[in-house]
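Architecture and fold: a report
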Amino acid sequence: MSFFQALGYFTREAFLSLVRSWKISLLAVLTIAVSLILGGVFLLVSGNLRHVVEGWKSESKVVIYLRAEASGSETVRMTRALEETDWALDVELVSAETAHRRFRRAFPSLSDLLEGWGENPLPTSIEVGLDWQQFEDRPALEAAFAELRADPAVSMIDDDRDWLNQLEAVVFVLEALGLVLGAILLVTAIFTISSVIRLTAFLYREEIAVMRLVGATEFFIRGPFYVEGLMQGLLGGAVAVTALFGAHLLVLERYAGAPLSLLASRFLAPIELLALIGLGGLAGLVGAVTSLRRESLGQTAETPGWAEG
Amino acid sequence: MIEFFRVTKRYAGGQIGLDGVDLRIDPGQMVFLTGPSGAGKTTFLKLIYCEEMPSSGNILVNGRNVSSLPRSKVPYLRRTIGVVFQSFRLIPRKTVFENVCYLPRILGLSSREQKKLAFETLRQVGLAHRLNAFPLQLSGGEQQRVAIARALINRPEILLADEPTGNLDPELSDEIMRLILDIHLRGTTVIFATHDRDLIQRVGRRVLTLDQGKLIDDYELPSGLAAETEATDGEQK
Ligand SMILES: Nc1ncnc2c1ncn2[C@@H]1O[C@H](COP(=O)(O)OP(=O)(O)O)[C@@H](O)[C@H]1O
Ligand SMILES: [Mg+2]
């Protein structure tokens, strides 16, 4: 029998066995699916969160507030100096008047508050858009910031980086957690598949014995079980991807615009979906291989003879 | 040809299955293997088709030393040996055709070739018309015929029968015996294990007697029952 003929035969046998013991097969498929869904949810949420954070990062600014006493020439000198650096993408000098105007436009109902103050309480500031690449280079940037803080013209520096970095750390922890949990569940799923395949082999022990007796090779005896494990894993992967997509649609529809929807608005990339399904298949195959690794298939007769060697 | 050279089989638990057996069976011979329960008959057969490996000694089957046969080669040896048991060992959820065609299917024969082969082989055992029946729809004697057809499907040189009539009443036993004689007459080497002394007396031929793993007797009885090809002709249902 050629390899492809054999593969066709294995697939047919595996399919028949899946149908015949569909209840335990379903159990195997579902355990694989649950582990992949959990891993997928983490992947989905962290991927969206990462996307959001990237967006914020690219817009993030450092605002340098100047003291009221700072002279115009000092302000201009500082702006120039900042423009020279390679981490400042764009540098905008916001005069006290501009700040005042912006405030009135942003909060019209509060503009009276400013009027009642008499003189303009808003300081002159320099807004610096950051080049994120350079921004990652912390020591150099820290040094530059320390220098700025020491400058007598500077009153304070408002820096988004700290909390963005914290958010990034959260994303990272989320991803790690998802990976670890997914991996643990996947190992559980492998054990389940392994037991299910062992059980199936037990159900088929008479037939296996007959096949051995008439001269079937191990390849022929094990092939259908390997294909069965693979099928269960792939099915589990497909179930997981479908469930994830359903969840994604549900979030889009029900919670559109809500902050939560940010976490599921972008679906997984095709390559990630394929990876999930492939991982399911691999888990199924590994489960089948481990379940048949030992002398679990029994021998031709009632007694195990070869095992004693 | 089958040759045993000082073959001993000791099981893991220390039980002696076979103890220093030396013998030779020529191609095409018909041999009875007898002795009380526990004498080592099953062990003897298992050693030939490599279900068990000897603890010491050598066994040649058709010129091949099977006592040192690598495990991966065992299936190829088994394709040249047919085996039948007292308990038939048919798969109830498969049809007669499927039960008989395990090996042809593994060998990659087309379903037409399989059908043809199954039909011819089942005709030889008188069951060509039950191709699509399930084993449990058949009588005990018919089930054993199906098992024999399964053993014969690849035209083996050797047929091993481990008490094949043990589950059958005397008339059915005789039918199965005639069938196996017929197979022998077509040139197959047959080793027939049984503790039914009457049956052996009626049939005749070479008789090996085992006791506690030792070969204690080896003699020839004159041929009796079922002269030659009458075997299958004489059988009615
Ligand atoms: N798998 C086994 N493990 C341990 N002892 C065995 C096994 N098979 C057979 N024996 C022992 O070997 C001896 C011969 O058994 P067996 O070949 O089955 O005899 P028979 O077929 O003549 O009844 C008996 O003592 C039996 O208990
Ligand atoms: Mg026995």
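About the thresholds
- Residues numbered from 1 in each chain as written.
- Chains lettered and ligands numbered in written order.
- Predicted model: local features only at pLDDT ≥ 70, side-chain atom pairs only at ≥ 80, totals over all residues.
- Heavy atoms only, no water.
- pLDDT = per-residue confidence, 0-100.
- Contact = heavy atoms within 4.5 Å.
- Helix = DSSP H or I, 4+ residues; strand = E, 2+ residues; numbered from the N terminus.
- Buried < 20%, exposed > 50% of the residue type's maximum accessible area, 1.4 Å probe, protein only.
- Pairing = 2+ DSSP bridges.
- Buried area = accessible area lost by both parts, 1.4 Å probe.
- Salt bridge = Lys/Arg side-chain N within 4 Å of Asp/Glu carboxyl O.
- Polar contact = N/O pair within 3.5 Å; in protein donor to acceptor, adjacent residues only side chain to side chain.
- Nonpolar A, V, L, I, M, F, W, Y, C, P; charged D, E, K, R; others polar.
- Patch = residues over 30% accessible without salt bridge, like charges linked within 9 Å, V, L, I, M, F, W, Y side chains within 5 Å.
- Areas by Shrake-Rupley, 256 points an atom, 1.4 Å probe, with all protein chains shown as cover.
- Near = heavy atom within 4 Å.
- Axes fitted to C-alpha atoms, helices over the stretch in contact; angles between N-to-C directions.

**Side note on the confidence of the model for chain B**
All names here are of chain B. This prediction gives chain B a mean pLDDT of 91; 95% of its residues lie at or above 70. A low-confidence stretch, residues 227–237 stays under pLDDT 50, and its non-local contacts, those more than four residues away or across chains, total 13 contacts. Here the predicted complex scores 0.77 on pTM and 0.90 on ipTM.

**Section: the side chain of Ser25(A)**
Along the chain, Ser25(A) falls in helix α2 (residues 22–59). The contact partners of Ser25(A), leaving out residues within four places of it in the chain, are Leu18(A), Glu228(A) and Gln232(A).

**Side note on the pairing of strand β3 (residues 30–34) of chain B**
Residue and element names in this part refer to chain B. Counting buried positions along β3 gives five out of five residues, so the element sits mostly inside the fold. Alternating positions in β3 separate into two faces, Met30, Phe32 and Thr34 on one and Val31 and Leu33 on the other, with burial throughout. Sheet topology note: the β3/strand β8 (residues 189–193) ladder contains four bridges and is parallel. Directly across from Leu33, in β8, lies its bridge partner Ala193. Judged from the four bridges that link them, β3 and strand β9 (residues 205–211) form a sheet pairing that is parallel. Bridge assignment links Val31 to a residue of β9, and that residue is Arg206.

**Re the interface of chain B and chain A**
The interface is formed by 28 residues belonging to chain B together with 27 residues belonging to chain A. The largest share of the area that chain B buries against chain A comes from Arg71(B), Arg89(B) and Ile106(B), three residues that together contribute 25% of it. On inspection of chain B and its partner chain A, the count reaches three salt bridges. Notably, a salt bridge pairs Arg93(B) with Glu207(A), separated by 2.7 Å at the nearest N-O pair. Taken together, chain B and chain A are joined by five residue pairs in polar contact (both at pLDDT 80 or more). Elements that contribute at least two residues to the side of chain B that touches chain A include exactly α2 (74–78), β6 (81–85) and α4 (102–106) of chain B. Counted by class, the side of chain B that touches chain A contains 15 nonpolar, one polar and 12 charged residues.

**Structural notes on a nonpolar patch on the surface**
All names here are of chain A. Taken together, Phe3, Phe4, Leu7 and Phe219 make up a surface patch of nonpolar side chains, about 440 Å² in accessible area. Top element by residues in the nonpolar patch is helix α1 (residues 3–20). It accounts for three residues. A relative accessible area of 65% means that Phe4 is categorised as exposed.

**Comments concerning unusual backbone geometry**
Residue and element names in this part refer to chain B. Residues other than glycine seldom take positive phi values, yet Arg6 does so here, at roughly 45°. Examined against the element boundaries, Arg6 turns out to sit in strand β1 (residues 2–10). Despite not being glycine, Arg205 shows a phi value in the positive range, around 85°.

**Here we look at the site of ligand 1**
Neighbouring residues of ligand 1: 13 residues in total, closest Gly38(B), Gly40(B), Lys41(B), Thr42(B) and Thr43(B). More than one chain reaches ligand 1: the nearby residues come from chains A and B. Contact between ligand 1 and Gly40(B): an oxygen atom at 3.0 Å from a main-chain N or O atom of the residue. Secondary-structure elements contributing two or more residues to the shell around ligand 1 are β2 (16–25) and α1 (41–48) of chain B. With three residues, the top contributor of residues to the shell around ligand 1 is α1(B). Classifying every residue of the shell around ligand 1 gives four nonpolar, eight polar and one charged.

**A few points about the sheet that holds strand β10 (residues 214–221) of chain B**
Within a sheet, each strand pairs with its neighbour through backbone hydrogen bonds, oriented either parallel or antiparallel. Residue and element names in this part refer to chain B. If you trace the six strands from one edge of the open sheet to the other, you get β6-β7-β8-β3-β9-β10, paired in mixed fashion. Every other strand in the sheet has two partners, leaving β6 and β10 as the edge strands with one partner each. Looking at each pair of strands side by side, their axes are set apart by 15° on average, direction ignored. Pairing analysis gives five bridges linking β6 to strand β7 (residues 158–162), with the strands arranged parallel. Considered in β7, the bridge of Gly82 is made with Leu159.

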